[in-house]
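Chain and residue survey
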Amino acid sequence: MYCFRRLAITLGVLFYFAGHYLQQRNVELAFASLDSVSSSSYPRNTHSPHSYSYNVLLYASSPLHTMEEESRSRAEVEVSLDLLELLRIDVEHEPACDREETTCSKNVMRKQRNWERRLEAKRSRRREEKQRKKFNKADKDANEPQLSKRVIKAMTKERLEEARGAGPGLCVDLSMTDRLSAKEVSRLACQIRRLYGCNKKASRPFRVFLTELKEDSLLHGECVRMNDGFRNYLIDVTEESWFHLFPSEDVIYLTPDSNEALESVEEDKVYILGGLVDETIQKKISYTRAKELGVRTARLPIDEYMVKRPNSKNFHSKVLAINQVFEILLTFRDTKDWTKALAAGIPPGKGYMVPSSVDTHRLMSP
């Protein structure tokens, strides 16, 4: 504060002297102009006491008055620029408080380091995401013939209709949406859209169910608002509970809190996903519901096929979005390889990665 006060006082003094200097300079310029005009065009009578006033009036009414004003303005501008330059130099060389300058420098450097660290982490995640997409794209057949959009749409519709007739079922349990906030409901509607998009692109799609989805609910309104053509989705939407639609022995409720790891995807089973977003703070909601209804539970084999990725925050989470879990099931159904399926579906931000061949042998050994 002392430095700022000193700087303010210095600037005030400089501006005061600058104004005084300008005023004095203007007066001198005016008299110099008057003397030159009176001596050249209007000779002054030194013997008359009113001769100088008379010459001033002659100058004011003379044609040279405008030219003198222009020259005076240019002189004022030049003086102002000189003073501003002088003030700028004085401010720059004004000594500041060393202690406050050091503290400011440390804060700026700390913020700069934090910003660079976040930027580098974001770039790293983007690179990993590109590599993951490239890995997924490489698994597809490169020699697949190019088809028109109409043909692709017809083939997709045919595959989805076949899956609704026969095939493994995947059900999203939407009975717990009352625990979600409005923002989380919007996120859930977005995840449902991505889930349906993955199922459309799959060569062997699932039969998808959305249970306990009421038309007057907030989630249904968000699905219609955010998802184009939601009412025409080739999925089964019902207000009934999945517990009344499927036999209990054919149901496997997927939850990260289960003690049993999922070993395979069976064609005659129905896999239930809890309609909760991965940002929900409450724990074991879907696991508790499955246990109350007495159905089998299972989790993805993340611990068996992946290792924790070292990171600065030491963050590791097995809680995934419903579309991510569904993508893992689709990939495993096509490849029969959990390593590829988990690598394709689990984002790097969850803190897990596929181990090397040495680590894989270590994990699989008893």
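The structure displayed is predicted, hence computed values, not measured ones. (Residues numbered from 1 in each chain as written. Predicted model: local features only at pLDDT ≥ 70, side-chain atom pairs only at ≥ 80, totals over all residues. Heavy atoms only, no water.)

Brief notes about the sheet that holds strand β3 (residues 236-237)
A sheet is described by the order of its strands in space; here 6 strands give the open sequence β3-β2-β1-β5-β4-β6, paired in parallel fashion. Two strands bound the open sheet, and with one partner strand each, they are β3 and β6 (296-298). Of the strand pairs in this sheet, strand β1 (residues 169-173) and strand β2 (residues 207-211) are connected by 5 bridges, and their pairing is parallel. Bridge pairing links L170 to V208 in β2. (Pairing = 2+ DSSP bridges. Helix = DSSP H or I, 4+ residues; strand = E, 2+ residues; numbered from the N terminus.)

Here we look at the pairing of strand β4 (residues 251-254)
Of the two faces of β4, the one holding V251 and Y253 and the one holding I252 and L254 are both buried throughout. Both β4 and strand β5 (residues 270-274) contribute to a ladder of 4 bridges, which runs parallel. The residue bridging Y253 from the neighbouring strand is I272, located in β5. With 3 bridges connecting them, β4 and β6 associate as parallel partners. (Buried < 20%, exposed > 50% of the residue type's maximum accessible area, 1.4 Å probe, protein only.)

Let's talk about the environment of S175
Along the chain, S175 turns up in the loop between β1 and α6 (182-201). Taking the C-alpha atoms as reference points, S175 and L210, separated by 35 residues in sequence, lie 10.0 Å from one another. Polar contacts involving the side chain of S175 include one to the side chain of D173, which spans 2.8 Å. Side-chain polar atoms of S175 contact the side chain of R289, separated by 3.3 Å. (Polar contact = N/O pair within 3.5 Å; in protein donor to acceptor, adjacent residues only side chain to side chain.)

Some details on the environment of M176
Examined against the element boundaries, M176 turns out to sit in the loop between β1 and α6. Look at M176 and you get buried, because its relative accessible area is 4%. Linking M176 and G275, residues 99 residues apart in sequence, is a C-alpha distance of 6.6 Å. With near-sequence residues (within four places) excluded, M176 lies in contact with Y253, G274, G275, L276, I285, S286 and R289. (Contact = heavy atoms within 4.5 Å.)

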